[in-house]
Amino acid sequence: MSPGPARGRTPGQDGGAGRRSPVRRWQLVRAGADAVPPSTRRFMARARQRRMRAALPWAVAVGVLVAAGLVAWAVLGTGLFGVRQVRVIGAKLVTPVEVRDVVAIPDDTPLARVDLAAAARRVGTLAPVERATVERDWPGTLVVRVVERTPVAVVPQGDRYAVIDGAGVPFQDLPQAPDGLPVIRVGRPAADDPGTRAGLDVLAALSPRLRAELVSVDVAGLARITLRLHEGRTVVWGDATRGADKSKVATALLGRKADTIDVSAPDVVTFR
């Protein structure tokens, strides 16, 4: 029978009383490249490439968003692309200064924030302007294109003359009648005035020969329209209906020696 272990010994001690096992100290050592198998290195390289490819779209997206934010800030939030000039095209009856004043866009207002439709409506409030458009011309110009009203006739107003267009809108006030425009005599020229509209309808129905002889279209009432011709002759027109028939008959009778031709009923003409 083998003798048992000596009493009083503790685990980890050798036979000598009070002796301990030696302490192990660990040290990390970087392995050389050759220590990693080639297959492992290839796997790790492919993994890095996959991570880079996966991160690239996000990096590009962030870069694009940052760039877009900077551009938006520069365009919308600063005067870098602000209004420096208002260029007016097509204005003859109104001055560029009048157009710029009514556009009313302060200098350095960001061009992208200008309400183009509202600016065009303000330009359209000028009486000689029939319509207007406003465009941006980067980096700092507003371009206002103006289409002015076409004069069709003049209406005496006291000792002055109102120029009206084909819609009956008065857009100029002149001290004397301009050459080449026929005269319509009516109380109050306006686009919504029935007498103005009737006078314009009669004027549009006249033949070239009647236009050449015309002095004025006098609208005393909607059914009392008279043409005043050269040499004191008169054509009683009546109302503005059947304009083509009345013009044809009156033109045919211009050769007659008559001071007054009544075509108010073009089927039954009288003259004296």
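These numbers were taken from a predicted model, which means no experiment stands behind them.

Another point: the pairing of strand β6 (residues 170-174). Residues in a regular strand point their side chains to alternate faces of the sheet. In this sheet, β6 lies alongside strand β5 (residues 160-164) in antiparallel orientation, the contact comprising 4 bridges. Across the sheet, valine 163 pairs through a bridge with glutamine 172, a residue of β6. In this antiparallel pair of consecutive strands, β5 and β6, the connection spans 5 residues, and glycine 168 shows a positive phi of 85 degrees.

A few words on unusual backbone geometry. Glycine aside, residues mostly have negative phi angles, and peptide bonds mostly take the trans form. Along the chain, tryptophan 138 connects to proline 139 via a cis peptide bond; the corresponding omega equals 10 degrees. Inspection of the secondary structure assignment puts proline 139 in the loop between β2 (129-137) and β3 (141-148). The backbone of aspartate 108 sits at a positive phi, close to 70 degrees, despite the residue not being glycine. By secondary structure assignment, the location of aspartate 108 is in the loop between α2 (96-103) and α3 (116-124). Classification of aspartate 108 by relative accessible area gives partly exposed; the value is 42%. Within the chain, arginine 242 stands out as a residue other than glycine whose phi angle is a positive 50 degrees. As for its placement among the helices and strands, arginine 242 is situated in the loop between β10 (234-238) and α6 (243-252).

For the rest of this paragraph, the subject is the nonpolar core. Ile184, Leu206, Val217, Leu227, Val235 and Trp237 are the most contacted members of the largest nonpolar core, which has 25 residues in total. Only β4 (153-157), α4 (194-205), β8 (214-221), β9 (224-229) and β10 provide two or more residues apiece to this core. Here this core gets 4 residues from one element, more than from any other, and that element is α4. Counting 19 residues, the second largest nonpolar core, distinct from the first, contains Ala120, Val123, Ala132 and Val144.

We now examine the pattern of salt bridges. Counted under the stated rule, the structure contains 13 salt bridges. In this structure, aspartate 165 engages arginine 149 in a salt bridge whose closest nitrogen and oxygen atoms are separated by 3.0 Å. Linking aspartate 165 in the loop between β5 and β6 with arginine 149 in the loop between β3 and β4, this pair joins segments that are 16 residues apart in sequence. Since its relative accessible area comes to 18%, arginine 149 is described here as buried. One salt bridge connects arginine 242 with aspartate 245, and the closest N-O pair in it is separated by 3.2 Å. Overall, the relative accessible area of 39% leaves arginine 242 in the partly exposed class.

Turning our attention to the confidence of the model for the protein chain. Regions with low pLDDT carry predicted coordinates that are not meant to be interpreted in detail. Of all residues in the protein chain, 75% attain a pLDDT of 70 or more, and the chain-wide mean is 84. Scored below 50 in pLDDT, residues 72-78 makes 12 contacts in the model with residues more than four places away or belonging to other chains.

Looking now at the environment of aspartate 192. Note that aspartate 192 resides in the loop between β7 (183-185) and α4. Note: C-alpha distance between aspartate 192 and glycine 168 (24 residues apart in sequence) is 7.7 Å.

About the thresholds
- Residues numbered from 1 in each chain as written.
- Predicted model: local features only at pLDDT ≥ 70, side-chain atom pairs only at ≥ 80, totals over all residues.
- Heavy atoms only, no water.
- Pairing = 2+ DSSP bridges.
- Helix = DSSP H or I, 4+ residues; strand = E, 2+ residues; numbered from the N terminus.
- Buried < 20%, exposed > 50% of the residue type's maximum accessible area, 1.4 Å probe, protein only.
- Core = buried A, V, L, I, M, F, W, Y, C linked by side-chain atoms within 4.5 Å.
- Salt bridge = Lys/Arg side-chain N within 4 Å of Asp/Glu carboxyl O.
- pLDDT = per-residue confidence, 0-100.
- Contact = heavy atoms within 4.5 Å.

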